[in-house]
Amino acid sequence: MKKLTVLLLTLCCTMTVLAQQPAGEYRNPIIPTSLPDPSVIKAPDGYYYLYATENIRHLPIYRSKNLIDWEFVTTAFTRESRPKWNPKGNLWAPDINYINGKYVLYYAKSEWGGEWTCGIGVATADKPEGPFTDHGALFISKDIGVQNSIDGFYIEDGGHKYLFWGSFRGIYGIELSDDGLSIKPGAEKRQVAGTFMEGTYIHKHGRYYYLIGSAGTCCEGEKSTYRVTVGRSENLFGPYVDKRDRELMENHYEVILHGSDDVVGPGHNAEFITDERGQDWMIYHGFSRKDPGAGRLVYMDRVEWVDGWPHIAHDEPSTVSERPVVGDITLADPTIFLDDDGTYYLYGTSSPIGIVCYSSTDLEHWQGPVGATEGLALIKGDSWGTKGFWAPQVFKHDGRYYMAYTANEQIAIAESDSPKGPFRQKEIAHIPADMKQIDPFVFFDDNGKAYLYHVRLINGNRIYVAELNKDLLSMKEKTARECIAADTLTWEDTWNAKWTVTEGPTVVKHGKKKDATYYLFYSCNDYRNPDYAVGYATAKSPFGPWKKQAEPIIVRKVIGENGTGHGDLFTDKEGHLQYVFHTHHSASRPGPRKTAIVEMLFNGTDYTIKPETFRFFHE
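Analysis parameters
Residues numbered from 1 in each chain as written. Predicted model: local features only at pLDDT ≥ 70, side-chain atom pairs only at ≥ 80, totals over all residues. Heavy atoms only, no water. Helix = DSSP H or I, 4+ residues; strand = E, 2+ residues; numbered from the N terminus. Rg over C-alpha atoms; globule rule 2.2 N^0.38 Å. Buried < 20%, exposed > 50% of the residue type's maximum accessible area, 1.4 Å probe, protein only. Areas by Shrake-Rupley, 256 points an atom, 1.4 Å probe, with all protein chains shown as cover. Lys, Arg positive; Asp, Glu negative; His and termini not counted. Charge placed at Lys NZ, Arg CZ, Asp CG, Glu CD. Disulfide = S-S within 2.5 Å. Core = buried A, V, L, I, M, F, W, Y, C linked by side-chain atoms within 4.5 Å. Contact = heavy atoms within 4.5 Å. Pairing = 2+ DSSP bridges. Axes fitted to C-alpha atoms, helices over the stretch in contact; angles between N-to-C directions. Polar contact = N/O pair within 3.5 Å; in protein donor to acceptor, adjacent residues only side chain to side chain. Salt bridge = Lys/Arg side-chain N within 4 Å of Asp/Glu carboxyl O.

J.: Help me get a handle on the overall build of the protein chain, residues and values and all.
T.: Within the protein chain, the regular secondary structure consists of 3 helices and 43 strands. Here the C-alpha atoms of the protein chain give a radius of gyration of 27 Å, agreeing with the 25 Å that 2.2 N^0.38 yields for 619 residues. Once the C-alpha set of the protein chain is aligned to its principal axes, its extents read approximately 85 × 50 × 45 Å. For the protein chain, the residues scored as buried account for 59% of the 619 residues in total. A total of about 25,400 Å² of accessible surface is found on the protein chain, and carbon and sulfur atoms cover 48% of it. Of the charged side chains in the protein chain, 66 are positive and 81 negative, and the gap between their average positions amounts to 3 Å.

Below, the structure is given as structure tokens:
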């Protein structure tokens, strides 16, 4: 349950970034303001957004780049947009999600004692900071038949969408419609836990689902008994059990977080956040024992996995801890464009609604996202595509900036007055094709012709080339021909896959006329394969035939990271050759993929990597 503590909105509205803490460590609480029942999401702009029960009227939203230093942004609703149903109810326990291109906010609307009139509502927005448009109540207690229907939690599993909820009257789950805005017709609620908990959160780790919640009293200051509980199951709907295989339906559970000498009543945690080292972190609320009147402050602790169960050191809130490792730029399929003014622009696959852009003057310190539209240089609606915005390339031609990119597994080219965008099309269309095409790279030869290197999905991912028409809007299909495909049972196909992968082409040329040699850099293996790697082939014509090098040039045994591939070769301001690419997020999981760079050496014939130049990009 949630108890409101009166705070002055004016204090929050004038608040700037909270005081930054020493490098390498942080001190709890991470937000010394009453923000009960937090929910957190990371947005494409690089910020983590935190939503909380409305001690600040209309449901506060905070944000942070590093999970430590937070600033107040706004409220999800205003006096005018505030949900009208259950008019005496307050807004409790938000749960933020990104569903089908929208930010979807589930919330409870309740008042103390209103256990049959309360319920769970839903609102949507195009941006994490809103404005949110309310869609009313999904259900209220008396209609769904569950007393005290609050504390909603959304999860997707096996292609289906579900909402779990409840507070000390049983925990229930039900399937939702595809847009997440209503109950799926014919769906029936199912109970998964007894009457000991609220604040449901389900986390999948390995083969288990972990049902995490809070037991005890939430809101009595120094008398609060809140604590974080857990049980696990191999199935989303249970049965969930404790370490002794006793069922949570019978009110058994494990405790992973108690109060301490400094914190009273810790509980109602946000979604676990995984940092760049693969470490999990839990954000939750609690009362300061020294000043319980300050309300439920925001704390954070690392979650370790011990013998298949989540564990927090000493089972209590920490005072000082090592910081999460966040801030790595996570753009897959990256490309870098060097503008005439000496600014580097970095683009890549990241957002479901467009292409993100960062900027730098030295390839070390990156700003952003700096794209013209909420950090995006290209956004859905301005140009071709509704999903799958992948593998961009930016170039300048006749005084205009162009972006070639993939969307809906087709290739499009948009243009702009600025490398930050917005990149748009006068006529929204993709380059005509009779098959799926991805991963474009436009190469301008010194004969005045432009060639589109790209991947066609024909019995595998195969790299093709075709001459572009002068308007850059279509190919001369009669010129199209295959360049290379993966050879089986080599470094290009270590999984012996039925569908081989050759992708991410980049082409450069050395020499002139008859002495010229074309170099085609490409990546092979499924991107999820740790052996994803970069090789190159050479030819005397932009059409080939291409001669492959025997071994890859960028590969995990050389770089020391899994999944090294799909990048772009460019020359920096000092004339050095650089290759920007992505790696797996960690040794245990591919994504979100991290952006990296390595310097290349060219001896007039062959390319090699310059030793000790590999590094990741950081915000």
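J.: Any details on the state of the cysteines? Residues and values, ideally.
T.: Applying the stated criterion across every chain, the model contains 1 disulfide. Between the sulfur atoms of cysteine 218 and its disulfide mate cysteine 219 the distance is 1.8 Å. Looking down the S-S bond of the cysteine 218 and cysteine 219 bridge, the torsion is -80°, so its handedness is left-handed.

J.: A description of the nonpolar core should follow, citing residues and the corresponding values.
T.: Phe164, Ile202, Leu211, Leu236, Tyr240 and Met282 are the most contacted members of the largest nonpolar core, which has 34 residues in total. Considering each element in turn, this core owes the most residues, 6 residues, to strand β15 (residues 208-215). Apart from the residues within four sequence positions on either side, leucine 236 is in contact with Ile155, Asp157, Tyr162, Phe164, Ile202 and Tyr209.

J.: Which residues make up the pairing of strand β7 (residues 102-110), and what values go with them?
T.: A regular strand places its side chains so that they alternate between the two faces of the sheet. The buried fraction of β7 is high, at 8 of 9 residues. Pairing between strand β6 (residues 90-99) and β7: 8 bridges, direction antiparallel. Each residue of the ladder has a partner; that of asparagine 97, found in β7, is valine 104. What sits between the antiparallel neighbours β6 and β7 is a turn of 2 residues, in which asparagine 100 has the positive phi angle 50°. Bridging between β7 and strand β8 (residues 119-125) involves 7 bridges; their strand directions are antiparallel.

J.: I'd like a rundown of the sheet that holds strand β31 (residues 437-444), residues and numbers included.
T.: An order of β31-β32-β33-β34 is seen for the 4 strands of this open sheet, with the pairing classed as antiparallel. On the outer flanks of this sheet lie β31 and β34 (481-484), each paired with one strand and no other. Each strand axis lies, on average, 30° off the axis of its neighbour in the sheet, ignoring direction. Of the strand pairs in this sheet, strand β32 (residues 450-457) and strand β33 (residues 461-467) are connected by 7 bridges, and their pairing is antiparallel. Residue pairing across strands places histidine 454 opposite tyrosine 464, the latter belonging to β33.

J.: Hey, could you go over the side chain of glutamate 115 for me, with residue numbers and the actual values?
T.: Turning to its location among the elements, glutamate 115 is positioned in the loop between β7 and β8. Accessibility expressed as a relative area gives 12% for glutamate 115, which makes it buried. For glutamate 115, the side chain forms a polar contact with the side chain of glutamine 147, separated by 2.8 Å.

J.: How would you explain unusual backbone geometry if you had to name every residue and give the values?
T.: Omega for the peptide link from glycine 238 to proline 239 comes to 10°, which places this bond in the cis form. With respect to the helices and strands, proline 239 occurs in the loop between β16 (227-233) and β17 (254-257). A cis amide bond links glycine 591 to the next residue, proline 592, at an omega of 0°. Position of proline 592 among the secondary structure elements: in the loop between β40 (577-583) and β41 (594-602). One non-glycine residue with positive phi stands out, namely leucine 59, at about 80°. You can see leucine 59 is positioned in the loop between β3 (48-51) and β4 (60-64).

J.: Help me get a handle on the pattern of salt bridges, residues and values and all.
T.: Within the structure shown, the criterion is met by 29 salt bridges. Taking the shortest distance from any N to any O, the salt bridge between arginine 593 and aspartate 333 comes out at 4.0 Å. One end of the pair, arginine 593, is in the loop between β40 and β41; the other, aspartate 333, is in strand β24 (residues 332-338), and 260 residues separate them in sequence. Judged by relative accessible area, arginine 593 falls into the buried class, the value being 16%. For aspartate 333, a relative accessible area of 8% translates into the label buried. Bridged by salt links that share partners, the residues Glu54, Arg57 and Arg82 form one connected network.

J.: Please provide a residue-by-residue account of the sheet that holds β6, values included.
T.: With respect to topology, 4 strands assemble into an open sheet ordered β6-β7-β8-β9, the strand pairing being antiparallel. Lying at the two open borders of the sheet, with one neighbouring strand each, are β6 and β9 (133-140). Going from strand to strand, the sheet's axes swing by 25° on average, the running direction of each strand aside. Taken together, the 5 bridges between β8 and β9 define a ladder with antiparallel strand orientation. Residue pairing for β9: isoleucine 120 is matched across the bridge by phenylalanine 139.

It is worth stressing that arrangement in space is one thing and function is another; only the former is reported here.
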